[in-house]
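As a plain string of letters, each chain reads:
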Amino acid sequence: MIKLRIFHVCIAVLAISICVRAADTPVITINKSDMIAIAIEPISGPDGALITRVLESDLEASGYFTFASPSSASLIAGGSSNGSELDGKVNDHSGRAAVAGTYNGDARAEAHAFANDIVQTLTGNRGIAGTKIAFCGTRSGSKEIYTADCDGSQVQQLTHDRTISVSPALSPDGQMLAYTGYKSGYADIYLINLSNGSRERIIKYPGTNSGAAFSPNGERIACTLSKDGNPELYVCSLNGSAHRLTHSAGIESSPTWAPNGDDIIYSYDDHGGPQLYRIGSSGGWGQEIATGYGYCTEPNWSPDGNKVAFNVREGGDFAIAVMDLHGGGSRVVADGERPCWGPDSRHIIYSNDGDLYLLDVQTGRKKEVVSGLDASEPTWAR
């Protein structure tokens, strides 16, 4: 059983020194327990109502906060918006600043940035607000690639190929997206620059080219190619040159990189039931990972390097399991498919019955974020 103990017990008092504009910046002492009680006062200004709603949703989704009245909360968040920037602040009851900053962009971007500052400052952990996801959807009648914020807002259809587009993978910085498309009539890997919309078919060997996964630095892609006959695992540069990693009689698929780029976990099926294996990203021999399950696919390595999420099948249904890579065992956390870790290594996006869900692995709380698109195969920028 994995024991995630970020806030399961009271932690020692943490003194946080926050830089704000005033020269005599106070030192705020915050007693951390299971959850931080915070009140959100309505943001003033033309975009205030929207910013307030988004901020509250972001802090709730983070899993670190509980909402209380200003009289009983430990901290009070508020601020003002003039339509082009947000001045946000979090004070304690004495009026001392715990968080303060000015944020630019549209109203949602301002709220997301403020929320992430609050999470980072008060918990020491990275926030996920405003981070990007991509997924497959069939709303147009064909399987196409879509993007959205991780809270399900800002949904946009990215491809319009009117054919099969699958296996999207966002680069770590969220600036590029690779996917497997059949636009040419064959399964090839395409790369889209999300800032300008340009697209290039980068991996187009004879046979099947599928399942791209970006390296942590965004400069390489691991994928499955059948150009030499059997589907094998390769590491490719973004110009398409390929280095073969595996040499087996089975089928390798669904590679996922270690955060340091040194290793890759993948699913291997030699017709005895797919299992998870680990191999060096420069080559070597794959070593089986003892998960405790007889059917394991779609692994995804957490950004902190400590966990892998993957699909298992029990009784004919798919479920999502999480394994502690340092000996903590495995456990099923939800029904569904294709888990993908968020940047905080606490949340997972996954699909179930055509909808996408956000799961807090620590608390078990889940929230539907995308519906009505027959969505599948989510990926998350880190």
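Fair warning: this is a prediction, and the values are worked out from it, not measured in the lab.

Definitions and limits used
Residues numbered from 1 in each chain as written. Predicted model: local features only at pLDDT ≥ 70, side-chain atom pairs only at ≥ 80, totals over all residues. Heavy atoms only, no water. Helix = DSSP H or I, 4+ residues; strand = E, 2+ residues; numbered from the N terminus. Rg over C-alpha atoms; globule rule 2.2 N^0.38 Å. Buried < 20%, exposed > 50% of the residue type's maximum accessible area, 1.4 Å probe, protein only. Contact = heavy atoms within 4.5 Å. Areas by Shrake-Rupley, 256 points an atom, 1.4 Å probe, with all protein chains shown as cover. Lys, Arg positive; Asp, Glu negative; His and termini not counted. Charge placed at Lys NZ, Arg CZ, Asp CG, Glu CD. 1 Å grid on protein atoms, 1.4 Å probe; cavity = no way out; pocket = protein on both sides within 12 Å on 5 of 7 lines; lining within 4 Å. Points joined across faces, edges and corners; volume = space filled by probe spheres on them. Nonpolar A, V, L, I, M, F, W, Y, C, P; charged D, E, K, R; others polar. Salt bridge = Lys/Arg side-chain N within 4 Å of Asp/Glu carboxyl O.

This part covers the overall build of the chain. Along the backbone of the chain there are 2 helices and 31 strands. By the compact-globule yardstick of 21 Å for 382 residues, the chain fits well, its C-alpha radius of gyration being 22 Å. Viewed in the frame of its principal axes, the chain has a C-alpha envelope of about 70 × 45 × 40 Å. Taking all 382 residues of the chain together, the buried fraction comes to 52%. Intrachain contacts of the chain at a sequence separation of at least 6 include 42% that bridge at least 24 residues. In the structure as shown, the chain presents an accessible area of about 16400 Å², 46% of it carried by carbon and sulfur atoms. Taking the average place of the 30 positive charges on the side chains of the chain and the average place of its 43 negative ones, the gap between the two points comes to 1 Å.

Now for empty space enclosed by the protein. By the definition in use, this model includes 3 cavities of 30 Å³ or more. Empty space within the largest cavity amounts to approximately 80 Å³. Contributions of two or more residues to the lining of the largest cavity are made by helix H1 (48–62) and strand S30 (366–370). Considering each element in turn, the lining of the largest cavity owes the most residues, 3 residues, to H1. The computed volume of the second largest cavity comes to approximately 70 Å³. The wall of the second largest cavity is formed by Asp58, Leu59, Ser62, Ala115, Asn116, Val119, Arg126, Gly127, Ile128, Ala129, Asp344 and His347. Of all elements in the fold, only H1 and helix H2 (107–123) reach the threshold of two or more residues within the lining of the second largest cavity. Of the residues contributing to the lining of the second largest cavity, the split by class is 5 nonpolar, 4 polar and 3 charged.

Another aspect to go through is the pattern of salt bridges. One pass over the full model with this rule turns up 13 salt bridges. Between aspartate 228 and arginine 244 there is a salt bridge; the shortest N-O distance is 3.6 Å. One end of the pair, aspartate 228, is in the loop between strand S16 (220–225) and strand S17 (232–237); the other, arginine 244, is in strand S18 (residues 242–244), and 16 residues separate them in sequence. Assessed through its relative accessible area of 46%, aspartate 228 is described here as partly exposed. Looking at arginine 244, the relative accessible area reads 26%, which means it is partly exposed. Put simply, arginine 244 and glutamate 232 hold a salt bridge, and the shortest N to O gap is 3.2 Å. You can see arginine 244 sitting in strand S18 and its partner glutamate 232 sitting in strand S17, a full 12 residues away along the chain. The structure contains a network of salt bridges with shared partners spanning Lys227, Asp228, Glu232 and Arg244.

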